[in-house]
Amino acid sequence: MTELTMTAVWRSVDTGDTSIAVAERDALGTTARVAVWPPENLDEALVAVDGVLTALDRQASRFRADSEISRVHRKDGGMFMLSNGLAEAVGVALAAARWTRGRTDPTVGEAVIALGYDRDFATLDPRGGEPVAATPAPGWRTVELDGPMLTLPRGVRLDLGATAKGLGSDRAVRAVMSATRQEGGVLVSLGGDIAVDGQPPRGGWPILVADEPGSTGQGGTQEVRLVTGAVATSSTACRRWRSGGREMHHIVNPGTGLPADAPWRTVSVAAATCADANAASTAAVVAGDGAEAWLAEARLPARLVSRDGEVRYLGGWPEVDGHPLAVSGRGKVYGGAAGPRGW
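Presented here is an overview of the structure given in this document.

What counts as what
Residues numbered from 1 in each chain as written. Predicted model: local features only at pLDDT ≥ 70, side-chain atom pairs only at ≥ 80, totals over all residues. Heavy atoms only, no water. Helix = DSSP H or I, 4+ residues; strand = E, 2+ residues; numbered from the N terminus. Expected span 1.5 Å × (residues − 1). Buried < 20%, exposed > 50% of the residue type's maximum accessible area, 1.4 Å probe, protein only. Contact = heavy atoms within 4.5 Å. Axes fitted to C-alpha atoms, helices over the stretch in contact; angles between N-to-C directions. Left-handed = near helix turned anticlockwise from the far one by under 90°. Nonpolar A, V, L, I, M, F, W, Y, C, P; charged D, E, K, R; others polar. Pairing = 2+ DSSP bridges. Salt bridge = Lys/Arg side-chain N within 4 Å of Asp/Glu carboxyl O. Phe/Tyr/Trp six-rings, centres within 6.5 Å; stacked < 30°, edge-to-face > 60°. 1 Å grid on protein atoms, 1.4 Å probe; cavity = no way out; pocket = protein on both sides within 12 Å on 5 of 7 lines; lining within 4 Å. Points joined across faces, edges and corners; volume = space filled by probe spheres on them. Lys, Arg positive; Asp, Glu negative; His and termini not counted.

### Here's the deal with helix α5 (residues 164-179)
At step 1: When the terminal C-alpha atoms of α5 are compared, their 22 Å separation across 16 residues agrees well with the 22 Å that a helix rising 1.5 Å per residue should span.
At step 2: Turning to α5, its buried residues number three or more, namely Ala164, Gly166, Leu167, Gly168, Ser169, Asp170, Arg171, Ala172, Val173, Val176 and Met177.
At step 3: On its buried side, α5 packs onto β3 (30-37), α1 (42-60), α3 (84-99), β7 (185-190), β8 (193-198) and α6 (274-287).
At step 4: Taken from the residues just after α5, Arg181 is the one with a positive phi, measuring 60°.

Listed below in structure tokens is the structure:
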């Protein structure tokens, strides 16, 4: 394991495999984890990931008063020339709203705030506050993006939560491969939204898909192998709080402005990009009983765990631990000699 020389507080993680270096730190209200091989690439990788996370936070965090998106919201509507980074993030969110048929929608910002999720989750009072009225999303079609030029109606507040962490993982793996001159391979996880790039370890990167912590039933955990692409998981079992005497979670149905009333406690999806996997897992929760049909139509491998722990496998998601995920689309498998074994 290489010596960490970063200014950010990265913690070295001992996996028992010296052929791969792993480190993690707090970031974006969750945990960022980076795994690379060869291990001597770690310092360069962490510098690259730090740059991506810092930029994304300054561009798209609704919890920072000095972020670019917060400055846009303070104007309460109008036309705005965005930075390339925020324009990409908004564009990805709008594209996801289109292909998920509005099941993810970046205009849920006011709805999420109305439910009490108005600050970083770590500082949220889990006991909640006064009763609130549901605030349905105005709808993603009310937002216009032409290159870097954003037109936002008055009263519309954006929340990029359904795609931003996934986009961050996608950006991070690209940045690492550029910094390390396309040598070896990398995995980046932001709160369990995972992207990989470069040459994978022998057999693929081991990914532990976890159900609700401490849950009973069949859901549990499963290890799969990711050779290329990405995996993301959305859960109604975490990020919960109370508001007006009612228990809330952070996945909002845009049509009602209320937490999605889903039969699933977790949905994991594999896709060519982490932004797509992130959007699809969120959309499946919102789709509720229609999730299986929608995911089958989208041809995305998925693992759904119901409230009582029953597991459903779709689109070729492996039912046996340790088997590889087949991700089609824009994912790229790098050739060459086999990498180190999985960890």
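We are not done yet, so read on.
### Some thoughts on the packing of α1 against α5
At step 1: With their axes 8 Å apart at the nearest point, α1 and α5 run at an angle of 145° to one another. α1 and α5 meet at a crossing whose hand is right-handed. Residues Glu44, Ala45, Ala48, Val49, Val52, Leu56 and Gln59 of α1 touch α5, and the partners they reach there are Ala164, Gly168, Arg171, Ala172, Ala175, Val176 and Ala179.
At step 2: By residue class, the composition of the contact of α1 with α5 is 10 nonpolar, two polar and two charged.

### What to know about the pairing of strand β10 (residues 221-226)
At step 1: As paired elements, strand β9 (residues 205-210) and β10 share six bridges and run antiparallel to each other. Across the sheet, the residue bridging to Ala210 is Thr221, located in β10.
At step 2: Direction of pairing for β10 relative to strand β19 (residues 324-325): parallel, over a ladder of two bridges. For Arg225, the partnering residue across the bridge sits in β19 and is Pro324.

### Quick look at the pattern of salt bridges
At step 1: All told, the structure shown has 17 salt bridges when counted by the stated rule.
At step 2: The residue Glu310 makes a salt bridge to Arg312 at a minimum N-O spacing of 3.1 Å.
At step 3: Exposure remark for Glu310: the relative accessible area of 33% places this residue in the partly exposed category.
At step 4: Looking at Arg312, the relative accessible area reads 28%, which means it is partly exposed.

### Structural notes on the packing of aromatic side chains
At step 1: Applying the stated criterion across every chain, the model contains one aromatic pair.
At step 2: Ring plane angle 15° and centroid distance 5.9 Å describe the contact between Trp99 and Trp294, whose orientation is recorded as stacked. Placement of Trp99 in helix α3 and of Trp294 in helix α7 (residues 291-298) is noted, with a sequence separation of 195 residues between them.
At step 3: On the accessibility criterion, Trp294 (4% relative accessible area) is buried.

### Focus on the environment of Pro263
At step 1: Assignment of secondary structure puts Pro263 in the loop between β15 (258-259) and β16 (264-271).
At step 2: Sequence separation between Pro263 and Gly288 is 25 residues, and the spatial gap between their C-alpha atoms is 5.9 Å.
At step 3: The contact partners of Pro263, leaving out residues within four places of it in the chain, are Gly288, Asp289, Val305, Ser306 and Arg307.

### Digging into empty space enclosed by the protein
At step 1: As enumerated under the stated definition, the model contains one cavity of 30 Å³ or more in all.
At step 2: The space that makes up the largest cavity amounts to roughly 40 Å³.
At step 3: Among the residues forming the lining of the largest cavity, the class breakdown is five nonpolar, two polar and two charged.

### Quick word on the side chain of Glu68
At step 1: Following the sequence through the fold, Glu68 ends up in helix α2 (residues 68-74).
At step 2: The charged side chain of Glu68 is buried without a salt bridge, its nearest counter-charge being Arg71 at 5.1 Å.
At step 3: Once you skip the residues sitting within four places of it in the chain, Glu68 turns out to touch Arg58, Gln59, Met81, Leu82, Ser83 and Leu86.

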